[in-house]
Amino acid sequence: MSRVLMKGNEAIGAAAIAAGCRFFFGYPITPQSELPEYMSAHLPEVGGVFVQSESEIAAINMCYGASGAGARVMTGSSSPGIALKQEGISYMAGAELPCVIVNIVRGGPGLGGIQPAQSDYNQATRGGGDGDYKLLVYAPSTVQEMVDLTQLAFDKADQYRNPVMIVGDGMLGQIMEPVEITPRAAASDLPEKTWATTGVRNHPGRRNVINSLFLKPEMLEDHILGLFAKYEAMRADEVLVEEYQVEDADIVLVAYGTTARIVKSAIGMLRAEGVKVGLIRPITLYPFPEASIARLPERVKNLLVVEMSMGQMIDDVKIANEGHRLVHFIGRTGGMIPIPKVIADTVKHILAEHHAGDAAHVAVGVQMEDL
Amino acid sequence: MTSAFTRTLGLTTVETHYCPGCTHGIIHRLVGEVLEELGVLDRTIGVVPVGCSTLAYDYFNCDVQQASHGRAPAVATGIKRVLPDSVVFTYQGDGDLASIGTGEIVHAAHRGENITVIFVNNAIYGMTGGQMAPTTLVGQKTTTSPLGRDPHTAGYPIRIAEMLAQIPGASFIERVSSDSPPHIKAARRAIKRGFETQLAGEGFSLIEVLSTCPTNWGIEPVAALGWLKDNMIPYYPLGNLRDPRKAVRP
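Remember, it's a predicted structure, so these values are computed and weren't measured experimentally. (Residues numbered from 1 in each chain as written. Chains lettered and ligands numbered in written order. Predicted model: local features only at pLDDT ≥ 70, side-chain atom pairs only at ≥ 80, totals over all residues.)

1. Quick word on the overall build of chain A
Turning to step 1, where the next piece is worked out: Along chain A, the regular secondary structure elements total 13 helices and 16 strands.
Turning to step 2, where the next piece is worked out: Radius of gyration (C-alpha) of chain A: 21 Å, near the 21 Å computed for a compact globule of 371 residues.
Turning to step 3, where the next piece is worked out: Considered along the principal axes of its C-alpha atoms, chain A spans approximately 70 × 50 × 40 Å.
Turning to step 4, where the next piece is worked out: Across the 371 residues of chain A, 54% fall into the buried class.
Turning to step 5, where the next piece is worked out: At a minimum sequence separation of 6, the contacts of chain A that also span at least 24 residues come to 80%. (Helix = DSSP H or I, 4+ residues; strand = E, 2+ residues; numbered from the N terminus. Rg over C-alpha atoms; globule rule 2.2 N^0.38 Å. Buried ≥ 20, exposed ≤ 12 C-beta atoms within 10 Å, placed from the backbone. Contact = placed C-beta atoms within 7 Å.)

What follows is the structure, encoded as C-alpha cells:
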C-alpha cells in the first residue's frame, strides 16, 4: 500500500483493522470521535462489528466480553471518557484480558477542555482503576507511529494477556500526515487463546471462566504476583525510546508525543546557535525508559522536562534520575501548546544560571509575556 | 431401575454457598435444566454479576465470565457479537440489574441484543448484608431503611419487567416466582421460552424471578416463601408481558 494522507484518529482505525481487529465498541467524545466514525464505516466491510455503546462504561465492558470470547478488540475515548472506563480496565487487567484502548487526551480535570493535553500521564501509567496493576502504554508522536504502535499493541496485548493503552493527544488525533498502512498478521509466536470462553464444544472437557475474584487472600496474592511477573517482563523487554542528539549533549530534554516534536524544533534552533542539547523521547510511558536517563554521562547536569500538563511524567524522570541532576520543567495545560522559542530560551537560561542552583519551573503565565 | 431424581448436567457438582432457604439454588437448577434440555450447554456462555450470585461461575456447567457490578448485559453483548452462534445469558440480582446496572440492561434491550437475562428479584441486597434495594417494598425494613422504605425520601420500588416491556427491542419479558411448586413450574417454562427466543434469533429476553432472602429478611425459610407470596406478588404481578409468539404487543 502506498502512502495516503490520513487523520490520526482514522489512521488508528485503519491500522487496527489491518492488524486483525474486527470488534470496536465506543462512545463519541471530542477529540477522538473520528475513530468510532471510521470503525462504523469500515469494520462492516471486513465482516467486523461496530457497536456504539450507551456509555463509556458499557463500551469497555463490551470489550471485556468480546476479549474474553477470544476476539481482537479495541475501544477509544478521550480523557474524561477514559476515566469512566477505569473500572473495566482494572477488571480486564485482573482477569488478564487483552484489549487495545486509545486515549486521545484532552485537558482536564473534569470536563476540562477539548484541546490537546498530556494531563492523563498518571491516569495511564499509575493504574486509573482499583488495585495493583499496570498497562503497557505507548505514546506515538506522529501519525505513522500511531499506525505502527497500534498494530504492535494488538500483538503485545495478546502476548501479555493485558490491556494496552495508546496515549495520543488532540493534536495527533486531528492532524493529517502521510502514512503507510499495511496488513499485519498476528505475530506467529503468540500463544493460543485456550482460556477464552468460546463454549465447551470448542475446548471439550474443560470449562473456561473469566474472572478477577479471588476470595482467599493467598490466592489473590499469588494472582497478583503472577501479574507483576508479567510487568517485570515488560520492563525488561518492552521499553521503547528515541534518544535524539543525546551523544554530545550538555543538557537533555525529556518529552513525549506532540510535545517531543515541538522540543525537536527547539533543539534545531539551539543547535544552530551551537548549544549542545538532546532529547529523550519515551515511546513507552510504561515501562518508562529509566535506563536512558540513568546512563547519561556526568557531563549532563540538567534535565528539562516539557509536558502539556502541570508535571506528571516529571515524577518518572526524577525516579530514574535518582537525584543526580537538576530536573527543570516547562508545563502548559490543555490547548496551550509549548512554544519552541520559550523552550530554547529556557534551555539557555538553565545553562547560564543553573549549573549548581535550583531547578527552574517555568510558570505558565510568564511564558506568554516572554513572547 | 428408573431414577426419580438426578442432578442436572447444567450445574457442576460444586456445593453452593447460598443460605438455607434462599431460592437461588432453585433458580440455578431451572436454568441448568433448561440448558441441558435444549442441548446447548456446550455452546453456552453465562455472565454472572456482583452480588450473591457472583460465585455462580463455579456452579453453571458451561463457560462463564464474571462481570463488574451491573455490567453483565454489556459483557454479554461483547460475547454475543463475537460468537453469534453461541447461547449467552446473564444472571443478575436486583441491586446489580435494577440499580447500578440500569443503563446496561435498558440499552441491551433497546438494541434487541439476542441474549437471555435471568433477573432474580429478592427485594434486598443480600451479599452486602441486607441493605435497601431498588426493588425493596414500601415500608420494608432493611439496614439502610431501618424505619421501613419511605417513598418520599427513598422512592418507589422499580418494576423492571413492566419497564422493559415498553421497549421495542425487548422480545420476551415475563415475571415468575420461586415461592411454590406451580410457580416454579411456570418459571421453568418461562426460562425455556426465553432461551428459545434467543435460539430463534428473536432478540432480547428477560425473565424476572421473584426470590426469597430469609437471612436478610430476618424470617424463617418457610415464612419467607409466604412473605414473598403475600407481599411481593401483589406489587410485582406474575405473568408474561411480551412474547414473540403473541401477535399483540402492549
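2. Describing the interface of chain B and chain A
Size of an interface: often given as the accessible area lost when the parts come together.
Turning to step 1, where the next piece is worked out: Facing the 29 residues of chain B at the interface are 34 residues of chain A.
Turning to step 2, where the next piece is worked out: At the level of secondary structure, the elements contributing two or more residues to the side of chain B that touches chain A comprise β1 (44–48), β2 (63–66), α2 (72–82) and α4 (102–110) of chain B.
Turning to step 3, where the next piece is worked out: Counting residues per element, the side of chain B that touches chain A draws most heavily on α2 of chain B, which supplies 8 residues.
Turning to step 4, where the next piece is worked out: Partitioning the side of chain B that touches chain A into residue classes produces 12 nonpolar, 11 polar and 6 charged. (Nonpolar A, V, L, I, M, F, W, Y, C, P; charged D, E, K, R; others polar.)

3. A word on the domain arrangement of chain A
Residue and element names in this part refer to chain A.
Turning to step 1, where the next piece is worked out: Domain parsing of chain A yields domain 1 (4–237) and domain 2 (242–370).
Turning to step 2, where the next piece is worked out: Put simply, the middle of domain 1 and the middle of domain 2, counted by C-alpha atoms, are 30 Å apart.
Turning to step 3, where the next piece is worked out: Counting from both sides, the interface comprises 28 residues of domain 1 and, opposite them, 22 residues of domain 2.
Turning to step 4, where the next piece is worked out: When contributions to the side of domain 1 that touches domain 2 are tallied by element, the ones reaching two or more residues are α5 (121–125), β6 (136–138), β7 (163–169), α7 (170–174) and α8 (217–237).
Turning to step 5, where the next piece is worked out: Element by element, the count of residues in the side of domain 1 that touches domain 2 is highest for α5, at 4 residues. (Domains from an automatic or database assignment.)

4. Things to note about the sheet that holds strand β3 (residues 87–93) of chain B
Turning to step 1, where the next piece is worked out: Here 8 strands make up an open sheet; going across it, the order is β9(A)-β2(B)-β1(B)-β3(B)-β4(B)-β6(B)-β5(B)-β7(B) and the pairing mixed. Where the open sheet ends on each side, the last strands, each with one partner, are β9 (209–210) of chain A together with β7 (239–242) of chain B. (Pairing = 2+ DSSP bridges.)

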